[in-house]
Each structure stands twice: as structure tokens, then as C-alpha cells.
Amino acid sequence: VMLSLFLTGLNAAKPLTVDDSVYYLLVDHIAKEPLDPYGFYAWDLQPANTILAPPVFLYWWALGVRLFGHEPELWKLWLLPFSLLLVFCLHALGRRFARGMEMPFVFFLVLSSAVLPCLNLMLDLPALALSLLAILMFLRACASCSVALTLATGIVAGIATQTKYTAFVAIGVMMLHALQTGQWRRWAVVAGMASLMFVGW
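Keep in mind that what you see is a predicted model, and the values were worked out from it rather than measured.

Asker: Just to check I follow, could you spell out the packing of aromatic side chains for this structure?
Answerer: Each pair of aromatic rings is reported with the distance of its centres and the angle of its planes. In the structure shown here, the tally under the stated rule is twelve aromatic pairs. When the centroid spacing of 4.4 Å and the interplanar angle of 10° are considered together, the rings of W60 and W78 count as stacked. Here W60, found in helix α3 (residues 55-68), pairs with W78, found in the loop between α4 (72-77) and α5 (80-97); they are 18 residues apart in sequence, far enough to count as distant. Look at Y165 and F198: their rings are 5.5 Å apart centre to centre, the planes differ by 85°, and that puts the pair in the edge-to-face class. One end of the pair, Y165, is in the loop between α8 (147-161) and α9 (168-181); the other, F198, is in helix α10 (residues 184-200), and 33 residues separate them in sequence. On the accessibility criterion, F198 (26% relative accessible area) is partly exposed. By the ring-pair criterion, three or more aromatic residues cluster together here, those being Y24, F57, W60, W61, F68, W75, W78 and F82.

This is the structure in C-alpha cells:
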């Protein structure tokens with residue numbers, strides 16, 4: 001929890017950078033028109049639905065705008081659930097694959113240049129956190145042969161792909177696990193549900 005708070009607090013101190021300002025155009029519109037997320041032209045030139053920004057994180061940020069107004073520091077503190085999810089999922093993976101080294105693994109990864117400078121108000125780390133959660137759920141679903149957990153994994157994987165399209169990598173990781181364990185049907189259910197959610201949106 002302290003590591004998640006530290007990550008979120010450091011991020012809150014940074015100004016809006018990189019693609020934050022582009023996503024803000026979408027978020028500001030969604031906060032006003034939640035049922036028409038891409039119904040405008042960015043910079044009066046580009047249709048908003050041509051900007052590669054899936055909806056999950058945008059709606060989360062837009063809820064922060066509705067709750068806190070135009071306060072970038074509070075928007076970034078609003079990312080604490082994603083920071084917590086990322087840290088706890090990394091810890092669970094470390095405990096599974098490198099028992100006894102999970103804390104150094106999480107500490108050095110979260111504070112590395114792959115994570116700390118990349119949180120901002122971007123899609124990447126929320127998508128990664130949800131992807132890791134889906135992978136962990138799939139590992140447990142395979143071990144327990146749980147139908148309910150398999151279906152829940154499909155939903156989480158679908159949400160991850162609608163956070164950022166790179167989350168499809170998680171479905172590939174699950175496929176590798178299915179290859180090793182013979183859980184092809186379970187993987188097909190998860191991949192099918194995630195794909196249906198993606199295409200449906």
C-alpha cells in the first residue's frame with residue numbers, strides 16, 4: 001500500500017505531459033456527454049473516434065473530472081486504485097514465480113524507468129494492471145477448474161483490452177499457459193469473451 005501511495009503521490013506532482021492533453025480532450029467531452037464519447041472533432045479537424053483511445057480509462061478519468069472539477073493533481077490521485085492493482089498483481093506474480101524475492105521484485109520494478117515515469121494520465125499502466133489481474137485470474141481458474149473464475153477472467157480481459165489495445169498481449173500469455181497445461185477450452189472461453197467485448201464496443 002505504501003509503495004502504491006508513493007507511486008501515485010510522485011505522479012501527482014508532475015504536470016500534464018506526453019499524450020495527457022490529447023486524452024483530456026476526450027475526457028472533458030465524456031464528462032459532459034457520457035453517452036456520446038467520441039461525438040466531436042478534436043482541434044476542430046479530426047474526428048475524435050480516430051484517436052486511438054479505448055473508453056475504460058477515459059470514463060474513469062471523466063468520473064474524476066465530475067467529482068473533483070479541473071484539478072490535475074486530484075485526477076492523478078484518482079489513479080490510486082490502478083496503482084494498488086498493479087503493485088498487488090506484481091507481488092502475486094512474484095510470490096508465484098520467485099517466492100522469497102517478491103518484495104525486491106515489486107520494489108525495483110515499480111520504481112524503475114519502465115513504470116515510474118510512465119503513469120501520468122496515460123492508458124498504459126492501467127491496462128497493464130488489468131492485464132496482470134486477468135493473467136492471475138486465469139492461472140487460478142486453471143488450477144481450480146472454476147467456471148465462474150474463467151468467465152470473470154474473460155470479463156476482466158475484455159475490460160483490459162478496452163483500456164489499451166496492447167492488453168491483447170495478456171491473452172497471448174494465457175495461451176502459452178494453456179499450451180503448457182492443456183487448458184485450451186478454458187483459454188478459448190476467455191479469449192472469446194474478451195474478443196466479443198472488444199468487437200461489441
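Moving on from the model shown.
Asker: Whenever I open this one, the packing of helix α7 (residues 124-144) against α9 confuses me. Can you help?
Answerer: Contact geometry for α7 and α9: axes closest at 9 Å, N-to-C directions at 20°. By the angle class used here, α7 and α9 are roughly parallel. The handedness of the crossing between α7 and α9 comes out as right-handed. Mapping the contact onto sequence places S131, A134, I135, F138, L139 and C142 in α7 and A170, V173, M174, H177 and A178 in α9. Of the residues contributing to the contact of α7 with α9, the split by class is nine nonpolar, two polar and no charged.

Asker: I keep staring at unusual backbone geometry and nothing clicks. Help me out?
Answerer: Residues other than glycine predominantly adopt negative phi, and peptide bonds predominantly adopt the trans conformation. We note that N120 has phi near 45°; this positive angle belongs to a residue other than glycine. Here N120 shows up in the loop between α6 (102-110) and α7. Phi is positive for C145, which is not a glycine, with a value near 55°. Note that C145 resides in the loop between α7 and α8.

Criteria and thresholds
- Residues numbered from 1 in each chain as written.
- Predicted model: local features only at pLDDT ≥ 70, side-chain atom pairs only at ≥ 80, totals over all residues.
- Heavy atoms only, no water.
- Phe/Tyr/Trp six-rings, centres within 6.5 Å; stacked < 30°, edge-to-face > 60°.
- Helix = DSSP H or I, 4+ residues; strand = E, 2+ residues; numbered from the N terminus.
- Buried < 20%, exposed > 50% of the residue type's maximum accessible area, 1.4 Å probe, protein only.
- Axes fitted to C-alpha atoms, helices over the stretch in contact; angles between N-to-C directions.
- Parallel < 35°, antiparallel > 145°, perpendicular 65-115°, else oblique.
- Left-handed = near helix turned anticlockwise from the far one by under 90°.
- Contact = heavy atoms within 4.5 Å.
- Nonpolar A, V, L, I, M, F, W, Y, C, P; charged D, E, K, R; others polar.

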